[in-house]
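# Reading the structure
Given next are the chains, with one letter for each unit.
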Amino acid sequence: MGTTTKTAAATFSNYIDGAWTSASSGERFENRNPADTGELIGLFQKSSRADVNAAVDAAARAYERWRLVPAPRRAEILFRAAQILVDRKEALARDMTREMGKILDETRGDVQEAIDMTYFIAGEGRRLYGQTTPSELRDKFAMSVRQPLGVCAIITPWNFPMAIPSWKIIPALLCGNTVVFKPATYTPLSAFNFVKVLEEAGAPNGVVNLVTGGGEEIGDTLVGHPEVKVVSFTGSTDVGRVVSERAAPAFKKVHLEMGGKNVIMIMDDAKLDLAVEGCLWGGFGTTGQRCTAASRVVVHEKVYREFLDAFLPRVRSLKVGNGLDPVTQMGPSISQGQLETVMRYVKIGVDEGAKLAAGGHRLESGPYTKGFFHEPTVFVDVDRAMRIAREEIFGPVVSVLPCRSLDDAISIGNDVIYGLSASIYTQDINTAFRAMRDLYTGVFYVNAPTIGAEVHLPFGGTKATGNGHREAGTAALDVFSEWKSVYVDFSGKLQRAQIDAAEI
Ligand code: UN1
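Residues numbered from 1 in each chain as written. Predicted model: local features only at pLDDT ≥ 70, side-chain atom pairs only at ≥ 80, totals over all residues. Heavy atoms only, no water.

## Looking at the site of the ligand
The local shell around the ligand consists of Glu113, Asn159, Phe160, Ile164, Trp167, Arg290, Cys291, Thr292, Ile451, Gly452, Ala453 and Phe459. Contact distances for the ligand include 3.0 Å between a nitrogen atom and a side-chain N or O atom of Glu113. One of the backbone N or O atoms of Cys291 is found 2.7 Å from an oxygen atom in the ligand. Looking at the shell around the ligand residue by residue, the classes come out as 7 nonpolar, 3 polar and 2 charged. (Near = heavy atom within 4 Å. Polar contact = N/O pair within 3.5 Å; in protein donor to acceptor, adjacent residues only side chain to side chain. Nonpolar A, V, L, I, M, F, W, Y, C, P; charged D, E, K, R; others polar.)

What follows is the structure in structure tokens.
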């Protein structure tokens, strides 16, 4: 068992080579509820270089057997894992809300996304299609097959503590790789829960390894380890750049999923009540802590006032609180540091001359005393040059900008360094298709907010959001496998490609 109750709080172990083990340092770190820091969720292993090395070594050994297990057999383990996740969905969601704050409806959705991904990718176990193609020569066969790469480093954020690990770990395993999983320090319990499910589903020893803890030492050791062949990272653009540079000298395959400054564009023919619902959900769902959050809303000047008159009262009436309370609509920020970032950006917005139209303050009294709560906040009359319109805040802050036309909206929409998600509200199909074509993002929505991607399509972004790879969908298989082209000559003689022409 991975847990032992010593004092009041349970202690959770690393998982290396099929054994639940303590960090070699003997040190632990605390995981606390961001809605109530008085609640200690548990103690987790503070791992160091030695633990990472042990995990990578175990994964490298396990790889030699795992890569030879037929993919449909590997998939059977994943199908079992999906079913266990279904059975445990409610408990897993509650654990997740306690450790990272988002409301229960959303943590149920997070677990559901892991279930969806696991079923979807498990199905690919019987569909790892390559190509067969006629050879240009007689008595010769040509085909391509996917091959695994080896040990994958999986480095994940706290905002989707089970969904995002599933996007990476499940396709990595299906393709025949083994993994070392380093989750964010704010959400080690959901990581533990996920790995436990994989263990119970029958993942052989060493195929999945979990190393908890923070700091540069673990990340640096993991990314730099010569046995690590793939690095899949979701997090900030700044850290993504460091990961990329660290992996570059050995030409490792690096998949990065980073920041966003996503836009909802509302045209003058839009259904405004629908757009208001979309902006509330896109802007304040997950307390604005999604890479896909709708942190910018661009509204046609003809309906600008009308939209704000409907939107602002709804923002002000959002119920903020502990995500376990069914009436709560928005939970806390993840940490003191994230809360301070939000407060810093509110000040930046005010100093830049944007108009604060809703919220703008930390919530500290009554039920909020022990958590990292902030009011849902809206700036209006924002200019595209302002920092609040350009930089990712990762909190409950929405900037509303007026625009004169579709072209103006598209120009504002594209005028940021990121390119994850964008959306348009319009009733005109021509307008919708033009915007779909011209917004340079990896995800696009019509008459829906910027959040809510489903697992069977590729997920990722352009520009500073990503590095050209996509996760989810069958695109995920391209991150975790490499193509091998195979030629079988059964002519019994030397046939020189491009030189010997086949007789007609
Ligand atoms: C993220 O914001 O980090 O599309 C991931 C969505 C979710 C995933 C978000 N399915 O909003």
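And the narrative resumes.
## A look at a nonpolar patch on the surface
Judged by side-chain polarity, Phe79, Val86 and Tyr119 come together as a nonpolar surface patch covering roughly 230 Å² of accessible area. The residue Val86 is located in helix H2 (residues 71–100) in this model. With a relative accessible area of 35%, Val86 lands in the partly exposed category. (Patch = residues over 30% accessible without salt bridge, like charges linked within 9 Å, V, L, I, M, F, W, Y side chains within 5 Å. Areas by Shrake-Rupley, 256 points an atom, 1.4 Å probe, with all protein chains shown as cover. Salt bridge = Lys/Arg side-chain N within 4 Å of Asp/Glu carboxyl O. Helix = DSSP H or I, 4+ residues; strand = E, 2+ residues; numbered from the N terminus. Buried < 20%, exposed > 50% of the residue type's maximum accessible area, 1.4 Å probe, protein only.)

## Brief notes about the domain arrangement of the chain
Domain annotation for the chain reports domain 1 (11–258 + 466–484) and domain 2 (263–446). Measuring from the centre of the C-alpha atoms in domain 1 to the corresponding centre in domain 2 gives 31 Å. Between domain 1 and domain 2, the residue contacts involve 24 residues of the former and 26 residues of the latter. Summing both sides of the interface, domain 1 and domain 2 together bury roughly 2000 Å²; the carbon and sulfur share of this comes to 63%. At the junction of domain 1 with domain 2, the criterion picks out 2 salt bridges. The shortest N-O distance in the salt bridge between Arg290 and Glu106 comes to 3.7 Å. Contributing elements (two or more residues each) for the side of domain 1 that touches domain 2: strand E6 (36–45), H2 and helix H3 (104–123). Broken down by element, the residue count for the side of domain 1 that touches domain 2 peaks at 5 residues, all from H2. Looking at the side of domain 1 that touches domain 2 residue by residue, the classes come out as 9 nonpolar, 7 polar and 8 charged. (Domains from an automatic or database assignment. Contact = heavy atoms within 4.5 Å. Buried area = accessible area lost by both parts, 1.4 Å probe.)

## Re the environment of Glu216
With respect to the helices, strands and loops of the structure, Glu216 is situated in helix H6 (residues 216–224). Judged by its relative accessible area of 73%, Glu216 falls in the exposed class. Spatially, the C-alpha atoms of Glu216 and Ser48 are 9.7 Å apart, while their sequence positions differ by 168 residues.

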